[in-house]
Amino acid sequence: MRKKIVAGNWKMNTTPAEGVELIKGVIAQKGEVCSCVNFIVAPPFTHLSEVVKVAKGSGIAVGAQNCAAEAKGAYTGEVSAKMIASLGVDYVILGHSERREYYGETSETLNKKMVQAYENNLIPIYCVGEKLEERESGKHFDVIRAQIEEVVFNLTPEQFSKLIIAYEPVWAIGTGKTATADQAQEVHAFIRKVLADKFGAAAADTAILYGGSCKPSNAAEIFSKEDVDGGLIGGASLVATDFINIGKGFSK
Ligand code: PEP
């Protein structure tokens, strides 16, 4: 049985105090959701310490949105995987399209970040997804395959067994334009096939999340698809009730 996961990417939103209120709101309503759902929240770095403290014992796990590619040293402004892990954080989002697009993250950088994450026992949520022009020109499968082959294929089987993947079509992120459930399923099944070609039967256990304007009104339909194991949620994770109602998309 694959894990069902609803992860919230808060991006660069909320002050630390607002973040604490947000996680408290999620904790307060979590009991309304099937206990089969694993919630993760990924606040900004500045909030991690407090959010970990507040979330302790609630069953809600905490992730970071990024980590440095290097272990330590003269890298002004960077935050290492070790620093993050030492706070009690369990996950790290890597390869988000905003990091690829605005901060020039390449597969080379992401391979280094993966090494840092695993060395510090952080579970990566590795994001892949095509841009609008890539989908329109029918290149989306090639783009996604390359994003996986260039990074995920470098993992050991043991590392791979912990990995979470998020399929996030760039044209659906923050645009209000969601992939249809069938479009999501088609790509998720493709991703699982690419993973199976390399890692064999283990790919059947990999959680593959959908991300891109997922909201309470469309979550249930998307999550009902065979290869969709949950969501990576941006905007809607900033409102506790919306995030919880997305979790209610899992009734199975
Ligand atoms: C995201 O950026 O990970 C995301 C899915 O954003 P949104 O839900 O706002 O589209």
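Per chain, residue numbering runs from 1 following the sequence as it is written. Restriction of local features to residues with pLDDT of at least 70 applies here, the model being predicted, together with a cutoff of 80 or more for giving and counting side-chain atom pairs; totals for whole chains, interfaces and linings are based on all residues. Think of the side-chain values as coming from all heavy atoms in the structure, minus any hydrogens and water.

S.K.: Just give me the short version of the site of the ligand, but keep the residues and values in it.
M.R.: Neighbouring the ligand are 14 residues; Lys11, His96, Glu168, Gly174 and Ser213 lie closest to it. Distance and chemistry together define a polar contact, namely a pair of N or O atoms within 3.5 Å, with one atom able to donate a hydrogen and the other to accept it when in protein, and with adjacent residues in sequence counting only for side-chain atoms on both sides. The backbone of Gly174 places a nitrogen or oxygen atom 2.7 Å from an oxygen atom of the ligand. Separating an oxygen atom of the ligand from a backbone N or O atom of Ser213 is a distance of 2.7 Å. Bound to the protein, the ligand loses 95% of the 290 Å² it would expose on its own. Amino acids are sorted into nonpolar (Ala, Val, Leu, Ile, Met, Phe, Trp, Tyr, Cys and Pro), charged (Asp, Glu, Lys and Arg) and polar (every other residue, Gly among them). Split by residue class, the shell around the ligand holds four nonpolar, eight polar and two charged. Residue proximity to a molecule or strand is established when one non-hydrogen atom of the residue lies within 4 Å of it. A 1.4 Å probe and the Shrake-Rupley method give the accessible areas. Residues count as covered only by the protein chains that appear here.

S.K.: Explain the nonpolar core to me, and be specific about the residues and the numbers.
M.R.: We call a set of buried residues a nonpolar core when its members are Ala, Val, Leu, Ile, Met, Phe, Trp, Tyr or Cys and they connect through side-chain atoms within 4.5 Å of each other. Categorising residues by exposure relies on relative accessible area from a 1.4 Å probe, with only protein chains included: less than 20% of the type maximum marks a residue as buried, more than 50% marks it as exposed, and the intermediate range marks it as partly exposed. Core analysis: the largest hydrophobic core is formed by 65 residues, its most contacted members being Val152 and Ile191. Counting residues per element, this core draws most heavily on helix H9 (residues 181-199), which supplies eight residues. What makes two residues a contact is simply this: any of their non-hydrogen atoms within 4.5 Å. Those residues in contact with Val152, other than ones at most four positions away along the chain, are Tyr126, Phe160, Leu163, Ile165, Leu195 and Phe199. Grouped together as the second largest cluster of nonpolar side chains are 14 residues, Ile40, Tyr91, Ala207 and Leu209 included. By definition, any uninterrupted DSSP run of H or I lasting at least four residues is a helix, any uninterrupted run of E lasting at least two residues is a strand, and each is numbered from the N terminus.

S.K.: Could you give me a rundown of the sheet that holds strand E2 (residues 37-42), with the residues and numbers involved?
M.R.: When DSSP locates at least two bridges between a pair of strands, those strands are taken to pair. Spatially, eight strands are ordered E1-E2-E3-E4-E5-E6-E7-E8 in a closed barrel, and the strand pairing comes out parallel. Mean inter-strand twist for the sheet, computed between neighbouring axes without regard to direction, equals 25 degrees. Bridging between strand E7 (residues 207-211) and strand E8 (residues 230-233) involves two bridges; their strand directions are parallel. Bridge pairing in E8 places Gly211 opposite Leu232. Relative to E2, helix H11 (residues 240-247) is tilted by about 145 degrees, and along the sheet it contacts strand E1 (4-9), E2 and E8. In this description, a line fitted to the C-alpha atoms serves as the axis of each element, helices being fitted only across the stretch in contact, and the angle between N-to-C directions of two axes falls anywhere from 0 to 180 degrees.

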